[in-house]
Amino acid sequence: MKEALVLDFGGVISRTLFETHDLSEKALGLAPGTLTWRGPFDPAGDAAWRAMQAGEMSERDYWALRMRETGELVGETWTEFPQFVGRVRGAEPAAVIRPEALAVIGRVKGAGKKLAILSNELDLFYGKDFRQKLPFLELFDVIVDATYTGILKPDPRAYASVSTELNLPPEACVFVDDQKKNVRGAVEAGMVPVHFDVTAPGESYAAALRLLGLD
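It should be emphasised that the depicted structure is a prediction, and the values quoted were computed from it without experimental measurement.

> Go over the overall build of the protein with me, naming the residues and quoting the values.
What the protein contains, in helices and strands, is 10 helices and 5 strands. A compact globule built from 215 residues should have a C-alpha radius of gyration of about 17 Å, and the protein, at 17 Å, falls within 12% of that. For the protein, the proportion of its 215 residues judged to be buried stands at 48%. Long-range pairs, those at least 24 residues apart, make up 64% of the contacts in the protein between residues at least 6 apart in sequence.

The structure is reproduced here in structure tokens:
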């Protein structure tokens, strides 16, 4: 029996920055179409994304590159991810939360199952104040953030920490992430995986609900 849903945050709960270029350009005062990197939505046109997927650069290095490039467009130097995200996301982070995520979170909680977030950079990327603007996060039983643990997915210890805090065996946890390497790590840790397709969020969440017996 699957008793918990363990979600990555960026890309799974929140829409990716690739999907919100229009909002970012408006927040930064840039002309529409200025931001052209599209990651999984146009891998052929994003060499850095392809390099990250090939393991030639880390996810954090990818976003450090995009942070530096975007800052240069507006004549600013950003040294911390929250500066970057705060500028491109604007003052209303709730606007970038996936409605599919909110529906599934409510359904899982209502069914009496547990909820957890396992993120490599929740507070590092978004800033500590970000959580206060998203009251639905109070529905989660556990939030494990490598900003503080220093243990990044796909390290087996990351998955072990969240299952331990949930007081459940790994096989009772359905794990959802948009990065294949993190999904592979979950499989190795004994969790039941869903590779989240950011281009088809509804289908990915439906797969998770089926595994939880909530379809």
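From this point, the discussion proceeds with the structure in view.
> Account for the sheet that holds strand β4 (residues 173–177), naming residues and giving values.
Ordered in space as β3-β2-β1-β4-β5, the 5 strands form an open sheet in which the pairing is parallel. Lying at the two open borders of the sheet, with one neighbouring strand each, are β3 (142–145) and β5 (192–195). Between one strand axis and the next, the sheet turns by 20° as a mean value, whatever way the strands run. Alignment of strand β1 (residues 4–7) against β4, held across 4 bridges, turns out to be parallel. Following the sheet pairing, A4 is matched in β4 by C173. Its contacts with the sheet put helix α8 (residues 156–166) on β1, β2 (114–119), β3 and β4, and the angle it makes with β2 is roughly 155°.

> Could you give an account of helix α1 (residues 21–28), with specific residues and numbers?
Of the residues making up α1, those classed as buried are H21, S24, E25 and L28. Taken down its axis, α1 places every buried residue within 95° of arc, on the same side. Next to the buried residues of α1 lie α3 (59–73) and α4 (81–89). Taken from the residues just after α1, G29 is the one with a positive phi, measuring 75°.

> Please give an account of the side chain of E59 that cites residues and values.
Along the polypeptide, E59 turns up in helix α3. There is no salt bridge for the buried E59, and the closest opposite charge comes from K181, which lies 5.1 Å off by N-O distance. Leave out the neighbours within four places in its chain, and E59 touches M52, E121, Q179 and K181.

> Now, about α4: what can you tell me, with residues and values included?
Looking only at α4, the buried set comprises F81, F84, V85, V88 and R89. Projected down its long axis, α4 shows its buried positions confined to an angular sector of 105°, all on one face.

> Tell me about the nonpolar core, and please be specific about residues and values.
In terms of nonpolar packing, the biggest core is built from 50 residues, with L5, L7, F9, I13, W63, F140 and V176 touching the most fellow members. In this view, L5 contacts V104, V108, K114, L115, A116, V174, V176, A208 and L212; residues no more than four positions away in its chain are not counted. Formed by 16 residues, the second largest nonpolar core is a distinct cluster that contains A116, L118, A158 and L168.

> Give a detailed account of the pattern of salt bridges, specifying residues and quantitative values.
Under the definition given, this model contains 11 salt bridges. Taking the shortest distance from any N to any O, the salt bridge between D46 and R66 comes out at 2.6 Å. Of this pair, D46 sits in the loop between α1 and α2 (47–53) while R66 sits in helix α3, and the two are 20 residues apart along the sequence. For the pair formed by D46 and R66, the shared burial category is buried.

> I'd like a description of the packing of aromatic side chains, backed by residues and values.
Between two aromatic rings, the relevant description is the distance of the centres plus the angle of the planes. As enumerated under the stated definition, the model contains 16 aromatic pairs in all. With a centroid separation of 5.8 Å and an interplanar angle of 85°, the aromatic rings of F9 and F130 are classed as edge-to-face. Separated by 121 residues along the polypeptide, F9 in the loop between β1 and α1 and F130 in the loop between α6 (122–126) and β3 bring together distant segments of the chain. Using a relative accessible area of 0% as the deciding quantity, one classes F9 as buried. The interplanar angle of 80° and the centroid separation of 5.8 Å between the aromatic rings of W49 and Y62 together place this pair among those described as edge-to-face. With a gap of 13 residues between them, W49 in helix α2 and Y62 in helix α3 connect regions that are remote in the sequence. What links up through ring pairs into an aromatic cluster is the set F9, F18, W37, W49, Y62, W63, F81, F125, Y126 and F130.

> Lay out the packing of helix α5 (residues 99–110) against helix α10 (residues 201–211) in plain terms, naming residues and giving numbers.
In contact at an axis separation of 10 Å, α5 and α10 are set at 15° when each is read in the N-to-C sense. With respect to their mutual orientation, α5 and α10 come out roughly parallel. The two elements α5 and α10 cross, and the hand of that crossing is right-handed. Residues E100, A101, V104, R107 and V108 of α5 lie in contact with α10, whose contacting residues are P201, G202, Y205 and L209. Here the contact of α5 with α10 is composed, by residue class, of 6 nonpolar, 1 polar and 2 charged.

Rules and cut-offs
Each chain has its residues counted from 1, running along the sequence as written. In keeping with the predicted nature of the model, local features appear solely for residues at pLDDT of at least 70, side-chain atom pairs appear and are counted solely at 80 or more, and the whole-chain, interface and lining totals rest on all residues. With hydrogens and water excluded, all non-hydrogen atoms of the structure serve as input to the side-chain values. Runs of H or I in DSSP of at least four residues are treated as helices and runs of E of at least two as strands, each being numbered from the N terminus. Computation of the radius of gyration draws on C-alpha atoms, with the globule rule given as 2.2 Å multiplied by the number of residues to the power 0.38. Each residue is placed in one exposure class: buried if its accessible area under a 1.4 Å probe, protein chains only, is under 20% of its type's maximum, exposed if it is over 50%, and partly exposed if it falls in between. By definition, residues are in contact when any of their heavy atoms lie within 4.5 Å. Should DSSP find at least two bridges between two strands, the strands are regarded as paired. To get an axis, fit a line to the C-alpha atoms, keeping to the stretch in contact for a helix; angles then go from 0 to 180 degrees between the N-to-C directions. Our arc is simply the arc of the directions from the helix axis toward the C-beta atoms. This count recognises Lys and Arg as positive and Asp and Glu as negative, with His and chain-terminal groups excluded. Any carboxyl oxygen of Asp or Glu within 4 Å of a side-chain nitrogen of Lys or Arg constitutes a salt bridge here. Think of a nonpolar core as a cluster: buried Ala, Val, Leu, Ile, Met, Phe, Trp, Tyr and Cys residues, connected wherever their side-chain atoms sit within 4.5 Å. For this analysis, a ring pair means two rings from Phe, Tyr or Trp (six-membered ring only for Trp) whose centres lie within 6.5 Å, classed as stacked if their planes differ by under 30 degrees, edge-to-face if by over 60, and tilted for the remaining angles. For classification purposes, angles smaller than 35 degrees are called roughly parallel, those larger than 145 roughly antiparallel, those between 65 and 115 roughly perpendicular, and all remaining angles oblique. Throughout, a crossing is termed right-handed when the near helix is turned clockwise from the far one, and left-handed when it is turned anticlockwise from it by less than a right angle. Throughout this entry, Asp, Glu, Lys and Arg are counted as charged residues, while Ala, Val, Leu, Ile, Met, Phe, Trp, Tyr, Cys and Pro are counted as nonpolar. The remaining residues, Gly among them, count as polar.

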